[in-house]
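# Structural overview for review
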Protein chains: 4
Amino acid sequence: MGSSFGDLFRISTFGESHGGGVGVIVEGCPPRLDLDVDAIQAELDRRRPGQSHITTPRKEADQVEVLSGLLDGQTTLGTPIAMLVRNKDQRPGDYKDMAVAFRPSHADATYQVKYGVQARSGGGRASARETIGRVAAGAIAKQLLAKAAGTEVLAWVKRIHTIEANVDPQAVTLDAIESNIVRCPDASTAAQMVERIEAIGRDGDSCGGVIECVVRNPAPGLGMPVFDKLEADLAKAVMSLPATKGFEIGSGFSGTLLKGSEHNDAFVPTDDGRLQTATNNSGGIQGGISNGEPIVIRVAFKPTATIRKEQQTIDSDGKATTLAGKGRHDPCVLPRAVPMVEAMVALVLADHLLRQQGQCSLW
Amino acid sequence: MGSSFGDLFRISTFGESHGGGVGVIVEGCPPRLDLDVDAIQAELDRRRPGQSHITTPRKEADQVEVLSGLLDGQTTLGTPIAMLVRNKDQRPGDYKDMAVAFRPSHADATYQVKYGVQARSGGGRASARETIGRVAAGAIAKQLLAKAAGTEVLAWVKRIHTIEANVDPQAVTLDAIESNIVRCPDASTAAQMVERIEAIGRDGDSCGGVIECVVRNPAPGLGMPVFDKLEADLAKAVMSLPATKGFEIGSGFSGTLLKGSEHNDAFVPTDDGRLQTATNNSGGIQGGISNGEPIVIRVAFKPTATIRKEQQTIDSDGKATTLAGKGRHDPCVLPRAVPMVEAMVALVLADHLLRQQGQCSLW
Amino acid sequence: MGSSFGDLFRISTFGESHGGGVGVIVEGCPPRLDLDVDAIQAELDRRRPGQSHITTPRKEADQVEVLSGLLDGQTTLGTPIAMLVRNKDQRPGDYKDMAVAFRPSHADATYQVKYGVQARSGGGRASARETIGRVAAGAIAKQLLAKAAGTEVLAWVKRIHTIEANVDPQAVTLDAIESNIVRCPDASTAAQMVERIEAIGRDGDSCGGVIECVVRNPAPGLGMPVFDKLEADLAKAVMSLPATKGFEIGSGFSGTLLKGSEHNDAFVPTDDGRLQTATNNSGGIQGGISNGEPIVIRVAFKPTATIRKEQQTIDSDGKATTLAGKGRHDPCVLPRAVPMVEAMVALVLADHLLRQQGQCSLW
Amino acid sequence: MGSSFGDLFRISTFGESHGGGVGVIVEGCPPRLDLDVDAIQAELDRRRPGQSHITTPRKEADQVEVLSGLLDGQTTLGTPIAMLVRNKDQRPGDYKDMAVAFRPSHADATYQVKYGVQARSGGGRASARETIGRVAAGAIAKQLLAKAAGTEVLAWVKRIHTIEANVDPQAVTLDAIESNIVRCPDASTAAQMVERIEAIGRDGDSCGGVIECVVRNPAPGLGMPVFDKLEADLAKAVMSLPATKGFEIGSGFSGTLLKGSEHNDAFVPTDDGRLQTATNNSGGIQGGISNGEPIVIRVAFKPTATIRKEQQTIDSDGKATTLAGKGRHDPCVLPRAVPMVEAMVALVLADHLLRQQGQCSLW
């Protein structure tokens, strides 16, 4: 509870930003999946700090070790797959002031209130470093989805601060997304985004934005009526990522400005009996269940809380003080958050694929 | 799985729109809570169809019967509280065409794909009638929160179609919300909203909008690091309601347009050692854990899918056809969705209150 | 938690012995199972009080109403199946003394300690009446197992007090079990058992015994490594029944008197590649996973706690007092416990069948 | 699912007998518990292979590394505590034949049937090596129980093959248990047990027996009505250990030979209002809930399946063959299983303590 996610394809992460390491156990992965372990590492490299000049300079190779669950280091046994990444470049000294002065809009104060104790250095479990386990597990989920249903999960930066790109979820490619350090598949907009992040970072400030994600070729029938609707689980999944403030599916908030006759997605006949709709305001999900159309979501990320600019705050004794962040932080989390969003979405889909299989494949 | 929600304060709902009835089991409610059963009925009355001329004319008294879990019909025993509402005004005939022609943007087609069978009349589990169990359970959660921590949960209609109200979450009252049939506490805006719904309904069309919800005086320390962050569970809770397309907490999507120095909520010293922030862009939650400030969320509801206007669709044989809804449906779900949002939010808070008690109150 | 059981095929029971009624929600049942509702009622009739002169004379028709989850009252929709049995013949007056004087070896005192409140009449949730929901749900599980894998679950009374029957789990039939009121398939032993129960009951005393249960033709591969081994879940399932004191699988406690070379079940070659063993000390489960051989378990039931004989006890103020039970109770629970054991075993098997399907049927 | 146990105090184990290592994540441990990490290692040393001449000679130091969840390596943060033990002395070659010939009464064949693949060397997840994670987690649970309620959990060998000791659960001490290599607190019986194990081991055979366990000074009120009765969870917990065939609580199977008037535990008045009973046939639990008396259980362990004697079996092609075990195995698992039983019992108690706190400590 709290550090676990999923029912049948279930992950449990562990580890603080500073300490022995971070990692994950993946439970429930089907047997006889030939894992591409390099692909897991590749996802971690997309998430890794220090990957470009617009991310934190913290140096972590983030090499993953698969501790269990594979035959000959490759084939899943159906048993828990544990993965470990050691912490290397720790500088707890950087956080000495922060242990005393609560960082505004960070988790320092609430962890202290909840637990009466907290990791003195770094963000503990609230650090984005925790997401290593999610991304590693998500890389397995992606391979499962690809093998089982030819499903593809892609996310990209849609907006940085006020700069927004126009991207076609049907056509976007991983190559386009990875072609620049901000992970916006529209090259010219990407260049502006990088400039904006640089400028804001130079001021000791930070910015946020919006990530968009598409699931192409999802299996139809995923999601459960009532509480475990597919969009509900997707919302929880991405809203559990650090710094998220909002979630949309399909038409989202702007869809509320339409009338029913404008918003409804007309079904159209198909040759093979698969469901198809003329429009996709539903974002691929109806009544909580995937209809086979692309699933499209958007996630709002707030500006990074830790900034170098001096801020008003209180210390752990409740006295007023000021604070200027000294740790190595990203001026904008979005480029590194792209693989995190993909991972969470893939985990939800994999879980629901197994749940669908569990209930509905007996006869 | 699917029809259950929560961990320690856990509900399981059952029932289709047409059939013996709908209801809920509430598991884990603390013992020795003196329940106001009339207050449960009062919440159901806020959700009830036929309560005003802008809601569906389906006639259902929706009288709740508490089947178990109470001593002398009043005091909780700590055992499951089962509640049942019988279905009365069923007209399955109204749905005869729908069983054949899939309603656009409704759950008919996806249920058929998932299960290979579906409730032939009404929306089955996808009907808003299912939310009776949630609202009844939420009424218990509200009483639990009020007794344990003096917590209050209030929701209201913030926007209908393009008409938006300006409401102060700190000051809004239940009386103001209930003073009109659209449940917008700003009377003059409410009047415009009613007119808009009437006009759109006359056209055989429908509209959506945004509901806002505040939790005042929440216990600090609620929520879990990583996956069960309070905002993640809130997002899942409300995105599991029918017709939802988006979720925001605090500054939400618009907060992504601010810089960190503008967005961060400065801590201010207090006399009693409680956390307090100068602003509340965080929406009362930091690092997934409540800080004691009001929790503020917004939920996007799409326009009702079932409309009287003729639409293009396919039938269950995959052939093109047209459909004009004949059932008794709301032209706008938001007025009746207000108690549903409150219920889901209260359920999340109650669950996390017990989880916090479970882990952190031993010493 | 507490009143729910199972993961994918999950039941939640509710209801006290005195109150509006008792019942169950079955979640996760696969769609398109044509339920024989009469067979559910038939199982409840086997569990019903007043079915013979050796059971409690409490009169309850125990007619089940299926509230939801079925199309045309027959075909499962894949949605929750709620079932309700009303309480009829309540005599709370019988329990007036018991509310004050704690019945020895009953749940009165521990419920009071745990919750600080308790159902004043009857046994509340600790009453065997709670098992109605289990038996009704188990009847569905049985039909699922029969359809999916031709699996059969049969239990019988193996021992009453000191009288033990010799029964062949491979050959025993439902007809033989149901041929007498004590549910021991060996007719002459059954007659002695009935006499013993009558004699002990006349003394105002009670007795216990052992129930044996076989699962014939179980699907191979059911059960999970480590914590959710099939025998572990079976043990929990039956040890959750009222009055149970012990559980055995296969050779059980007596198997500990053998050496490995005597106890091991040699595998023998088969024509169709199915696993087969020369002996079945394993009781059909190896490493927590079914091997396809019959699963054989035994369950110890203590003598009924409530007896008419006067006993030493304390009252709710902690003062010494004496108590002689006046309620209508069974001198021996075993005849009515037979369908309960079958139900719990069927529930475990059904759940694991869906779990196996969920993880291992994708490719 | 499968490799996780518990609800609020929840553990997830990982790792095969041969591979990178084995370990566990403990989720939900309360914050601010000052852990004695040496005590965790001490429990692992009790479980360690090669600890005496009657256990397997496999050499494993089994040094535990705590990867996360502690402040300054000592104080729990309330976050997941991950622990890792590396595998060292691997000799996969020893198992080459076994990969082909299924070991009778072992998990080789059923894993193959279930997953269609299996760890080629060692027992994979079915190896007793998996229990390292349980024992390490149990050591934390023990410290939690001691701090919260002064609770003590002790297990010992009660019977080896046909040699049984008479032990008083109220008086037995850890020192007495640890005073000999077989872990039977009765020294003279212990000596006979060692001789028996030696003799049977010399024959290339194996033996089983019974472990007894007491929980002294348990908090009253632990356990949940209906399915999560304390004895049900204890049964599942210990029946999930390798090689177990039976479970008893209190009077167990022999209690079924008594009449109600003989079996019932009379309540006696106390000075402090705590419940006390004149006898303890209930084994400390009534109606599924602890009454504060010592909890006493017994667990049957079958003879070790892997023996050096030649046995009939089949190979993975289904052909008849013979097999004589060559791996390094215990002729009797019970001495090393003592800390495993204690661990599982402590885990159940800790979990229910938090669950009780969660539901029943608000007011």
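Residues numbered from 1 in each chain as written. Chains lettered and ligands numbered in written order. Predicted model: local features only at pLDDT ≥ 70, side-chain atom pairs only at ≥ 80, totals over all residues. Heavy atoms only, no water.

### Concerning the UniProt feature "binding site: FMN" in chain A
Using the residue numbers shown here, the UniProt feature "binding site: FMN" corresponds to Arg125(A), Ala126(A), Ser127(A), Gly287(A), Lys302(A), Pro303(A), Thr304(A), Ala305(A), Thr306(A) and Arg328(A). The topology assignment puts Ala126(A) in the loop between α3 (108-115) and α4 (131-149). With residues near it in sequence (within four places) discarded, Ala126(A) still touches Ala107(A), Tyr111(A) and Pro242(A). Note on placement: Lys302(A) falls in the loop between β14 (295-301) and β15 (311-314). By relative accessible area, Lys302(A) is classed as buried at 11%. Look past the residues within four positions of Lys302(A) in its chain and what remains in contact with it is Ser105(A), Cys207(A), Gly208(A), Ala243(A), Lys245(A) and His263(B). In terms of polar contacts, Lys302(A) uses its side chain to reach the backbone carbonyl oxygen of Ser105(A), at 2.9 Å. (UniProt positions renumbered as here; feature names shortened; annotations may be inferred. Helix = DSSP H or I, 4+ residues; strand = E, 2+ residues; numbered from the N terminus. Contact = heavy atoms within 4.5 Å. Buried < 20%, exposed > 50% of the residue type's maximum accessible area, 1.4 Å probe, protein only. Polar contact = N/O pair within 3.5 Å; in protein donor to acceptor, adjacent residues only side chain to side chain.)

### A few points about the UniProt feature "binding site: NADP(+)" in chain A
All names here are of chain A. Residues annotated in UniProt with the feature "binding site: NADP(+)" correspond here to Arg47. Following the sequence through the fold, Arg47 ends up in helix α1 (residues 37-47). Aside from chain neighbours lying at most four places away, what touches Arg47 is Asp62, Ala128, Arg129, Thr131, Ile132, Val135, Arg336, Pro339 and Met340. Polar side-chain contacts of Arg47 include one of 3.4 Å to the side chain of Asp62.

### Examining the sheet that holds strand β9 (residues 163-164) of chain B
Read across the sheet, ten strands follow the order β9(A)-β8(A)-β10(A)-β14(A)-β11(A)-β11(B)-β14(B)-β10(B)-β8(B)-β9(B) without closing on themselves; strand pairing throughout is antiparallel. With one partner strand each, in any of the chains shown, β9 (163-164) of chain A together with β9 of chain B form the two edges of the open sheet. Taken strand by strand, helix α8 (residues 334-360) of chain B contacts β8 (152-160), β10 (209-216) and β14 (295-301) of chain B, and its axis lies near 145 degrees from that of β8(B). (Pairing = 2+ DSSP bridges. Axes fitted to C-alpha atoms, helices over the stretch in contact; angles between N-to-C directions.)

### A closer look at the relation of the copies chain A and chain B
Once chain A has been moved 0.0 Å along the axis and rotated by 180 degrees, it coincides with chain B to within an RMSD of 0.0 Å. Viewed as a symmetry operation, the transformation between the two copies matches a two-fold axis. (Least-squares fit on C-alpha atoms with pLDDT ≥ 70 in both.)

### What about the sheet that holds strand β4 (residues 64-66) of chain D?
Residues and elements named next belong to chain D. Strand order in the open sheet formed by five strands is β1-β2-β3-β7-β4, and the pairing between neighbours is antiparallel. The two strands at the open ends of the sheet, each matched to only one other strand, are β1 (4-5) and β4. Relative to strand β7 (residues 81-86), β4 runs antiparallel, the two being bridged by three bridges. Across the sheet, the residue bridging to Val66 is Met83, located in β7. On the sheet, helix α1 (residues 37-47) packs against β4 and β7 and is oriented at approximately 150 degrees with respect to β4.

### Section: the interface of chain A and chain B
Between chain A and chain B, the residue contacts involve 104 residues of the former and 103 residues of the latter. Together chain A and chain B conceal approximately 7,900 Å² of surface at their shared face, both sides included; 63% is due to carbon and sulfur atoms. The interface formed by chain A and chain B holds four salt bridges in total. For Lys236(A), the salt bridge identified is with Asp228(B), shortest N-O distance 2.8 Å. Across the side of chain A that touches chain B, the residue classes break down as 45 nonpolar, 38 polar and 21 charged. Where strand β11 (residues 244-249) of chain A meets strand β11 (residues 244-249) of chain B, three bridges bridge the pair, whose relative direction is antiparallel. Bridging from a neighbouring strand, Gly246(A) pairs with Glu248(B) of β11(B). (Buried area = accessible area lost by both parts, 1.4 Å probe. Salt bridge = Lys/Arg side-chain N within 4 Å of Asp/Glu carboxyl O. Nonpolar A, V, L, I, M, F, W, Y, C, P; charged D, E, K, R; others polar.)

### Observations regarding the relation of the copies chain C and chain B
Rotating chain C by 180 degrees and moving it 0.0 Å along the rotation axis overlays it on chain B with an RMSD of 0.0 Å. Here 100% of the interface residues in chain C have copies in chain B that are interface residues too; the copies meet face to matching face.

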